[in-house]
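Inside the fold
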Amino acid sequence: MANSSTADVDFFKLDSLLSDEERLVRQSVRSFVEKEINPIIAECYEAGRFPTELIPKLAELGVLGANLPEKYGCAGMNNVGYGLVMQELEAGDSGIRSFASVQGALCMYPIYKFGSEEQRKKWLPPMAAGKALGCFGLTEPSFGSNPAGMSTRADRVKDGWLLNGSKAWITSGSVADIAIVWAKADGERIRGFLVEKGTKGFIAREVKHKMSLRASITSELFFQDCLIPEENVLPESGGIKSPLMCLTQARYGIAWGALGAAMSCYKTAVDYAKERIQFGKPIASFQLTQEKLAGMLTEISKAQLICMRVGRMKDEGDYDPVHVSMAKMNNVKMALECARTARSVLGANGIMAEYPIMRHMCNLESVYTYEGTNEMHMLIIGNHITGIPAFNG
Amino acid sequence: MNIVVCLKQVPKKDSILRIGADQKWIDERDLSYEMSEADAYALEEALRQKEKHGGEVIVISSGPERVRQSIKEALAKGADRAIHLTDPLFNSGDPAVIARALAGALKNEKFDLIFTGLQSDDYGFAQVGLILAEMLGLPSATIVMEVQPEDSGVRVKRELESGWFQWVKLPMPALLTIQSGINQLRYATLKGIMAAKKKEIKEVKAADIGFTESDAISAQSIQRAYFPEKTKRTEIIEGKPAEAAAKLMEKLRFDARVF
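All values derive from a computational prediction rather than experimental measurement.

1. Some words on the overall build of chain B
Broken down by element type, chain B carries 6 helices and 11 strands. By its C-alpha atoms, chain B is 70 × 50 × 40 Å across when sized along the principal axes. Within chain B, the fraction of its 259 residues that count as buried is 45%. The long-range fraction of contacts in chain B, counting pairs at least 24 apart against all pairs at least 6 apart in sequence, stands at 69%. Counting only carbon and sulfur atoms, one obtains 51% of the accessible surface of chain B, whose full area is about 14,200 Å². If you average the places of the 37 positive and of the 38 negative side-chain charges in chain B, the two averages end up 3 Å apart.

This is the structure we're talking about:
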């Protein structure tokens, strides 16, 4: 298996900016990925199977909700440490990183941020332990980039709320024990609801025939007169800002994750170029190949600098979601281009499951679009520059 | 049961090595480092013994600031505290010098066992453990594959040549050099890494343990470091096909060792 790790892709010696703990976290997750994920992932991808057997191991390692406080069973990592976790997981596979992102940033985070203390105590420890899985229901079949327009609604009734509607493209939907569902409460303000598996009227159906993120589960969620008790409303949630805050957390992880996928492609290409002989010499000795390798390393190095800076800003609490938008937009696009370039270095071999490149490339096509499309992040930055939102109709 | 584990930090296995300007050792610039493999197994064995029998695991390592990374890794995996020999004087010499420094730092520690890796991944002398045992007046066993503490001492399984093993019994305290592969290494968990921040790393300088310039004098020195020199030799095996094939098999098995 020719999966390459992310080791040694550090042109600007950013390691010297990391703490011992951050380096250790990266090293530990990296060896986990090399030993537990890389040997099985190509097979999982081909079979379209999410390796559920990894969940207890990922939990034991501490990557689920890694940046949430220790008192809820989490590791209490800082944001750079958390980012490095995402980088290493996605060097393995975007699907595994997606699972970890959804569990931590999209499910545990809103419970932590908008939930009551009872809700936190009930859900966060088993979620950190991988014993309760979560999914995040915001996107709808007709509302992707414009989630505020959602049609899912929750109407107040005597015993709580009656939830009706549907959600689409939901990672982990059909294995989740708890769905964080965003709905218009009484047709107005968007609020978060904890919908437990088995709730009457709630159906999750797996989406089949994906050509991307094949090692993770994607589902549709349907709600028909689901009765949600009052204690399952996230009390501090209110307005579209709440789910967008969750997305900012997840997008931050994606910016780092994309780096991992890019580094894996780059390393594979470098190793291959040094060994592949054509015209009597390694293809690494040809200028056109060197241009490709130099281009990849340059783009990866720039993306690393972005991640490091956004991570430190986030740790200091001095950042804006627009910074995360630029990081996500730039890094995923960069990773996708790296995958394509690396594929060309490997020639026909580049399309084979033996190498991680084609899998990364197909995965990154989803990552390019989910959690805010490349185009939406571009417009968010445009809004930041001009003060004029280009997407409000 | 209290166990001391001696750790060494070495250049990473996949490092691209260059010979240093003085031709005596490798150029250490731009290298990444990791815990020597056999030492990682020694640490794992100590943690497993602690989990079974209680007590404390103390790690000790000598080297510059970068060594803290490996020390912290050991603490993150579950060691209780650490001793870091930071004085450059400790690291300037041969295995006897480093053993002398370790012995000095362990003089006042209470322990039942000392574990070292069988040998380090860089120099590969396999001597520090044994010299340390002699200096501390401890019995020792090498190439240890299994550790079974008993009331009156410790039973250990040693690896011999050609798939043979040997059980020996030692009184405690004792020093054991641990073979790689004796157990399965654990990952440092994220919680463990965060918890390690609060654990003690005691720094020791030469003066703290009465280690002098004369203690740092090496009896051996490296004359030259160089890459294996490639020589190409073609040998034609003569004779009838069956004889030539048999001869070829012999060469593949015993010279090339590909079988």
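2. As for the nonpolar core
A:Leu89, A:Trp182, B:Val5, B:Leu43, B:Phe115, B:Leu176 and B:Leu190 are the most contacted members of the largest nonpolar core, which totals 145 residues. When residues in this core are grouped by element, the largest group, 18 residues, is from helix α6 (residues 241-275) of chain A. Not counting residues within four places of it along the chain, the set of residues in contact with A:Leu89 comprises A:Val29, A:Val33, A:Ile37, A:Leu58, A:Val63, A:Ile96, A:Arg97 and A:Ala100.

3. Section: a nonpolar patch on the surface
All names here are of chain A. Taken together, Phe-11, Phe-12 and Leu-305 make up a surface patch of nonpolar side chains, about 320 Å² in accessible area. By the secondary structure assignment, Phe-12 is in the segment before α1 (20-47). We classify Phe-12 as partly exposed; its relative accessible area is 48%.

4. Examining the pattern of salt bridges
Where side chains of opposite charge bring their charged atoms close, a pairing between them can arise. Across all of its chains, the model carries 39 salt bridges over all chains by this definition. As a salt-bridge pair, A:Arg26 and A:Asp15 come within 2.7 Å of each other at their nearest N and O atoms. With a gap of 11 residues between them, A:Arg26 in helix α1 and A:Asp15 in the segment before α1 connect regions that are remote in the sequence. A:Asp15 sits in the partly exposed class, given a relative accessible area of 23%. Here A:Asp93 ties to A:Arg359 by a salt bridge, and the two come within 2.7 Å at their closest N and O atoms. On the criterion of sequence distance, the pair formed by A:Asp93 in the loop between α3 (79-92) and α4 (94-114) and A:Arg359 in helix α9 (residues 357-369) is long-range, its members being 266 residues apart. Residue class for A:Arg359 comes out buried when judged on its relative accessible area of 5%. Several salt bridges share partner residues, and in doing so they unite A:Asp20, A:Glu21, A:Arg23 and B:Lys72 into one network.

5. So, the packing of α6(A) against helix α7 (residues 287-315) of chain A
All names here are of chain A. At their nearest, the axes of α6 and α7 sit 10 Å apart, and the two run at 155 degrees to each other. Overall, the two elements α6 and α7 adopt an arrangement that is roughly antiparallel. Of the two possible hands of crossing, α6 and α7 adopt the one that is left-handed. On the side of α6, the interface is formed by Gln-249, Tyr-252, Ala-255, Trp-256, Leu-259, Ala-262, Met-263, Tyr-266, Ala-269, Val-270 and Ala-273, while α7 contributes Thr-289, Leu-293, Met-296, Leu-297, Ile-300, Ala-303, Gln-304, Cys-307, Met-308, Val-310, Gly-311 and Lys-314.

Rules of the game
- Residues numbered from 1 in each chain as written.
- Chains lettered and ligands numbered in written order.
- Predicted model: local features only at pLDDT ≥ 70, side-chain atom pairs only at ≥ 80, totals over all residues.
- Heavy atoms only, no water.
- Helix = DSSP H or I, 4+ residues; strand = E, 2+ residues; numbered from the N terminus.
- Buried < 20%, exposed > 50% of the residue type's maximum accessible area, 1.4 Å probe, protein only.
- Contact = heavy atoms within 4.5 Å.
- Areas by Shrake-Rupley, 256 points an atom, 1.4 Å probe, with all protein chains shown as cover.
- Lys, Arg positive; Asp, Glu negative; His and termini not counted.
- Charge placed at Lys NZ, Arg CZ, Asp CG, Glu CD.
- Core = buried A, V, L, I, M, F, W, Y, C linked by side-chain atoms within 4.5 Å.
- Patch = residues over 30% accessible without salt bridge, like charges linked within 9 Å, V, L, I, M, F, W, Y side chains within 5 Å.
- Salt bridge = Lys/Arg side-chain N within 4 Å of Asp/Glu carboxyl O.
- Axes fitted to C-alpha atoms, helices over the stretch in contact; angles between N-to-C directions.
- Parallel < 35°, antiparallel > 145°, perpendicular 65-115°, else oblique.
- Left-handed = near helix turned anticlockwise from the far one by under 90°.

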